[in-house]
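Breakdown of the fold
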Amino acid sequence: MFDKSKKIYVAGHTGLIGSAVIKRLQCCSFEQVVTAEHSVIDLMDTVKVTEFFARHRPEYVILAAGRVGGIVENLNFPADFITSNLAIQLNVLGAAHRTGVKKLILFGSSCMYPRECPQPMAEEALLSGHPEPTSLPYAVSKLAGVQLCMAYNKQYGENRFIPLIPNSAYGPNDDFSPVSGHVLSSLIHRFYNAKLENAQQIVLWGSGKAKREFIFSEDIADACIHMLGHDTESLNLPLNVGSGIDYSISELASMISQLVGYSGEIIWDTSKPDGAPRKLLDSQRIHSLGWTSNISIMDGLR
């Protein structure tokens with residue numbers, strides 16, 4: 001049983017996954033949860049991160065902070081995506097190592113997998129091909145974070161840094177901007193506004209044929225808590241974290257339009273990119289450790 005009196009630092013506590021982790025820790029009555037606003041600690045600042053860890057000395061860390069976004073953001077700000085995530089990961093993992101953190105969870109991304117990849121994607125497929133070009137800088141930064149965890153574990157002989165690879169996350173405190181958000185949150189925004197404006201049609205990017213696996217943020221938080229309390233010493237890392245079911249973007253659009261109550265026409269702009277054709281994770285490794293997702297796509301969307 002995991003000791004709930006241990007000090008846990010959640011980096012990125014106001015974001016999609018971080019806020020879900022905070023909610024889960026509070027529901028489970030964890031006693032010492034440490035958070036800090038960006039105005040207090042800029043995780044890209046090595047000195048401030050070092051000072052923060054030296055002062056608070058957390059025993060466990062969940063690194064949910066980072067620069068994220070959809071296709072448009074990735075295309076427009078590739079340098080920001082790679083430099084921000086590399087800096088945050090280097091600073092936090094370095095400080096965690098120096099201060100003796102017992103366990104740290106870092107999040108990779110399903111976009112790290114090759115664009116053309118056998119489905120479902122097993123962890124062994126990482127680095128076996130080229131990732132999707134539209135998100136390559138972000139994918140490279142997250143691959144570096146996962147490899148950084150593995151390098152620390154190998155060099156110092158302990159599986160203290162645990163990389164988890166969730167598929168497309170969604171939930172409260174997501175970015176619902178149609179410009180910077182991911183596909184699911186962007187579609188919610190688009191259909192909601194179309195309903196309010198009584199629009200006769202809505203134009204969506206791509207063909208609608210690309211398939212994605214979606215996992216609710218609170219399921220990811222449950223996976224985090226599960227791994228904090230699990231013996232990780234002999235684990236084969238990293239670990240995929242998925243729901244096991246994928247949907248085409250057109251199916252997702254239909255579900256969202258149904259829930260929102262939008263009855264207008266959906267038009268697909270095939271001049272815009274689809275991204276990777278399919279991204280379904282093989283999550284057997286973490287299933288074998290006793291974790292599975294519990295929240296269905298329709299319940300999550302509601």
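Figured I'd write up the structure that's included with this text. (Residues numbered from 1 in each chain as written. Predicted model: local features only at pLDDT ≥ 70, side-chain atom pairs only at ≥ 80, totals over all residues. Heavy atoms only, no water.)

**As for the side chain of serine 84**
Structurally, the position occupied by serine 84 is in helix α4 (residues 78–98). Residue serine 84 is classed as buried on the basis of its relative accessible area, which comes to 12%. (Helix = DSSP H or I, 4+ residues; strand = E, 2+ residues; numbered from the N terminus. Buried < 20%, exposed > 50% of the residue type's maximum accessible area, 1.4 Å probe, protein only.)

**Digging into the pattern of salt bridges**
Following the criterion strictly, the structure yields 15 salt bridges and no others. With a shortest N-O distance of 3.5 Å, arginine 285 and glutamate 123 are connected by a salt bridge. Of this pair, arginine 285 sits in helix α9 (residues 284–287) while glutamate 123 sits in the loop between β4 (103–107) and α5 (136–156), and the two are 162 residues apart along the sequence. Pair check on accessibility: arginine 285 and glutamate 123 agree, each one buried. (Salt bridge = Lys/Arg side-chain N within 4 Å of Asp/Glu carboxyl O.)

**Re helix α8 (residues 249–260)**
Between the first and last C-alpha of α8 there are 16 Å, a value that for 12 residues agrees with the 16 Å anticipated at 1.5 Å per step. The set of residues buried in α8 consists of Ile249, Leu252, Ala253, Met255, Ile256 and Ser257. If you follow the buried residues of α8, they end up packed against α6 (183–197), β7 (201–205), β8 (211–216), β10 (246–248), β11 (265–269) and α10 (297–301). One or two residues past the end of α8 sits glycine 261, with phi positive at roughly 90°. (Expected span 1.5 Å × (residues − 1). Contact = heavy atoms within 4.5 Å.)

**So, the environment of serine 39**
Looking at the element boundaries, serine 39 is found in the loop between β2 (32–34) and α2 (46–56). Given a relative accessible area of 70%, serine 39 falls into the exposed group. Taking C-alpha positions, serine 39 is 28 Å from phenylalanine 216, a pair spaced 177 residues apart along the chain.

**Re the packing of aromatic side chains**
All chains considered together, the criterion is met by eight aromatic pairs. Judged by centre distance (5.3 Å) and plane angle (65°), the rings of tyrosine 170 and phenylalanine 216 are edge-to-face. Taken together, the residues span a long stretch of sequence, with tyrosine 170 in strand β6 (residues 168–170) and phenylalanine 216 in strand β8 at a distance of 46 residues. Across the pair, phenylalanine 216 and tyrosine 170 agree in class, each one buried. Among the aromatic residues, those joined into a ring-pair cluster are Tyr9, Phe52 and Phe53. The ring of phenylalanine 30 is capped by lysine 4, whose NZ or CZ atom sits 5.9 Å from the centre of that ring. For the cation-ring pair, arginine 67 lies above phenylalanine 81, with the distance from its terminal atom to the ring centre recorded as 4.9 Å. (Phe/Tyr/Trp six-rings, centres within 6.5 Å; stacked < 30°, edge-to-face > 60°. Lys NZ or Arg CZ within 6 Å of the ring centre and 35° of its normal.)

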